[in-house]
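Residues per chain, in single letters:
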Amino acid sequence: MAEVTGTPYRDVMMDALIPGLLNFTSILYCVYLCARKSGMEISISQKALEPLSKLLLPDVRFMALFYYLSVRTTLAGLGLYDGKKDAQL
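This one's a predicted model, so the numbers in the text were calculated from it and none came from an experiment.

Conventions adopted
Here, residues in each chain are numbered from 1, in the same order as that chain's written sequence. Residues qualify for local features only when their pLDDT is at least 70, as the model is predicted, and side-chain atom pairs are given and counted only at 80 or more; totals for whole chains, interfaces and linings, by contrast, use all residues. Side-chain descriptors were evaluated using all non-hydrogen atoms of the structure, hydrogens and water having been removed beforehand. Patches here are clusters of residues that have more than 30% relative accessible area and form no salt bridge, with a 9 Å joining cutoff for like charges and a 5 Å cutoff for nonpolar side chains (Val, Leu, Ile, Met, Phe, Trp, Tyr). The accessible surface values rely on the Shrake-Rupley method and a 1.4 Å probe; as for residues, cover is taken only from the protein chains in view. For this document, the term salt bridge refers to a Lys or Arg side-chain nitrogen within 4 Å of an Asp or Glu carboxyl oxygen. Here a helix means four or more residues in a row that DSSP labels H or I, a strand means two or more in a row labelled E, and each is numbered from the N terminus. Helices are assigned an expected span. That span is 1.5 Å times one less than the residue count. The angle between axes fitted to the seven residues ending at a residue and the seven residues starting there is what we call the bend at that residue. Per-residue confidence from the prediction method is given by pLDDT, with values spanning 0 to 100.

A. A look at a nonpolar patch on the surface. Together, L52, L55, L56, L57, V60 and M63 make up an exposed nonpolar region whose accessible area comes to about 560 Å². In terms of residues, the nonpolar patch owes the most to one element, helix α3 (residues 52–56), which gives three residues. Mapped onto the fold, L57 is located in the loop between α3 and α4 (60–77).

Put into structure tokens, the structure is as follows:
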């Protein structure tokens, strides 16, 4: 989109932030209303819940890689990272 319109990527990203958040919020609210209308309730006992560390610990390396790539892509889009440090390695 930035290449087509000739505007910086940062401006396109900032202009799309509010509509994107509104979209996800409205979908979440619609799902909540449909669940409430159909009478759904949370019925999980405390014994059935596993500790969060037991669920997330095996996948830490994948989450770290995803976080690294997300932050790097965002910083590059904002013009705060150009990738020259990686090219020198």
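Additional details are given in the paragraphs that follow.
B. A look at helix α2 (residues 9–37). Helix length check: α2, at 29 residues, gives a terminal C-alpha distance of 42 Å against a target of 42 Å (1.5 Å per residue), a fit within 8%. Of all the bends in α2, the largest measures some 35° and sits at L17, one to four residues before the proline P19.

C. Main features of the confidence of the model for the protein. The pLDDT averaged across the protein works out to 81; a share of 87% of its residues lies at or above 70. Mean pLDDT per element in the protein: helix α5 (residues 84–88) is the minimum at 57, and α2 is the maximum at 91.

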